[in-house]
Amino acid sequence: MEEVNNVIIGHTGYIGSLLSYKLSQRDNGLTLGISRNTISSGIQSKNLNLFEFSCDIFKNEIDLKNIQLKNPIVYLNAHNFQPNFLNKKESLSKIYLSNIDCYKILIKNLKKLSPQKIIFLSSSGSLYGNTNKNNPSNENSILNPVSNYGMSKFILENLLNNFTKECFIPLTICRVSTIYGNSPSKKKFGFINHLISCAQTNKVPFIYGENTYRDYLHLEDLVEIIINISDMDLKDEIYNISSGCSYSCLQIYEIVKQNLKIYGNKLRNYEDKGLRLGENDKIFISSMKLRNEIKWIPKFNIEEGIKKIIMEIN
């Protein structure tokens, strides 16, 4: 067996499945995928540069018998919390103590992998507080998570920071904005997919606050920049990854509606359920630190990205 140069934890997920496919196409050794479930049908499972095994790294210690690791780059996409923004957050200590066994097992597993570098996909919208277009959140902005999901990302960032400093392992924390786009995993979630699904099934779409703003970044742009980050030695350890353009739910609804109309699909009038307790309503994110350092510009604006999704399913 060739040596493993890349390990993707959460390789069958929405982001991990496309990252797995892209990395397996590169001529730089094997990519190992570790997930709770086996490979999804959308990934090219017969690709000889990609293999996998099933393990929940937050609950079980991984068995690396017969696997040759060459100080791989570890991409940490998995999480022990499911997103749920309906309820307000609990206390930091309660979340940490109720999940402490999961965190201990995660650190044990990361030690076993002996990574040369760890890239952790964190969250921007779930960590920062409300901002505005003229003063978007940057990496030094005050963190104000209002959901358990955001709090858990905050805990993981700090755990990984302490672990990597103790073991002298470079760490890059990617605070990712709202991701959209079609994934090889075939998993569908998020506001844009919700609207498209409602048009296909003639259901009434719902909105959590028509003036709720989010920064939307296409999945392909995210995966491309993650791979670029893995190839480089960056100056800092925390970077926002965003398009730099936020849109309200109402604006997204109108863009999706107009593009669906081209293909004869009608989107019904929406029902506004109001802002959820576990969300901030004005999310504006700056990725200028990353853009200035590696000269990165996303390929897709929101109109192009939404049109691409609808074209791919028609």
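First, a word on what this report is: a plain description of the structure on this page.

**Let's talk about the state of the cysteines**
Thought 1: Taken as a whole and assessed by the stated rule, the structure comprises zero disulfides.
Thought 2: Left unpaired, Cys167 is separated from the closest cysteine sulfur, that of Cys55, by 19 Å.
Thought 3: Summary of cysteine pairing: Cys198 is not part of a disulfide, and the nearest cysteine sulfur, belonging to Cys249, is at 13 Å.

**So, the packing of helix 5 (residues 191–201) against helix 7 (residues 249–262)**
A pair of packed helices is characterised by two quantities: the angle between their axes and the separation of those axes.
Thought 1: Running from N to C, helix 5 and helix 7 cross one another at 40°; their axes reach a closest spacing of 10 Å. Classified by the interaxial angle, the pair formed by helix 5 and helix 7 is oblique. Crossing of helix 5 against helix 7: the hand is right-handed. Every residue of helix 7 that contacts helix 5 at Phe191, Ile192, Leu195, Ile196 and Ala199 is listed here: Cys249, Ile252, Tyr253, Val256 and Leu260.
Thought 2: Looking at the contact of helix 5 with helix 7 residue by residue, the classes come out as ten nonpolar, no polar and no charged.

**Some points on the packing of aromatic side chains**
Thought 1: Tallying each qualifying case throughout the model produces five aromatic pairs.
Thought 2: With a centroid separation of 5.9 Å and 15° between ring planes, the pair formed by Tyr96 and Tyr103 is classed as stacked.
Thought 3: Judged by its relative accessible area of 30%, Tyr96 falls in the partly exposed class.
Thought 4: Between Tyr180 and Tyr216, the aromatic rings sit 6.3 Å apart at their centres with planes inclined by 75°, giving edge-to-face as the arrangement. Of this pair, Tyr180 sits in strand 7 (residues 178–180) while Tyr216 sits in strand 9 (residues 213–218), placing them 36 residues apart in sequence. Tyr216 shares its class with Tyr180; the two are buried.
Thought 5: Directly above the ring of Phe206 sits Lys273, whose terminal nitrogen or CZ lies 5.6 Å from the centroid.
Thought 6: A cation over a ring is seen here: Lys289 above Tyr239, with NZ or CZ 4.7 Å from the ring centre.

Quick notes on the rules
Residues numbered from 1 in each chain as written. Predicted model: local features only at pLDDT ≥ 70, side-chain atom pairs only at ≥ 80, totals over all residues. Heavy atoms only, no water. Disulfide = S-S within 2.5 Å. Axes fitted to C-alpha atoms, helices over the stretch in contact; angles between N-to-C directions. Helix = DSSP H or I, 4+ residues; strand = E, 2+ residues; numbered from the N terminus. Parallel < 35°, antiparallel > 145°, perpendicular 65-115°, else oblique. Left-handed = near helix turned anticlockwise from the far one by under 90°. Contact = heavy atoms within 4.5 Å. Nonpolar A, V, L, I, M, F, W, Y, C, P; charged D, E, K, R; others polar. Phe/Tyr/Trp six-rings, centres within 6.5 Å; stacked < 30°, edge-to-face > 60°. Buried < 20%, exposed > 50% of the residue type's maximum accessible area, 1.4 Å probe, protein only. Lys NZ or Arg CZ within 6 Å of the ring centre and 35° of its normal.

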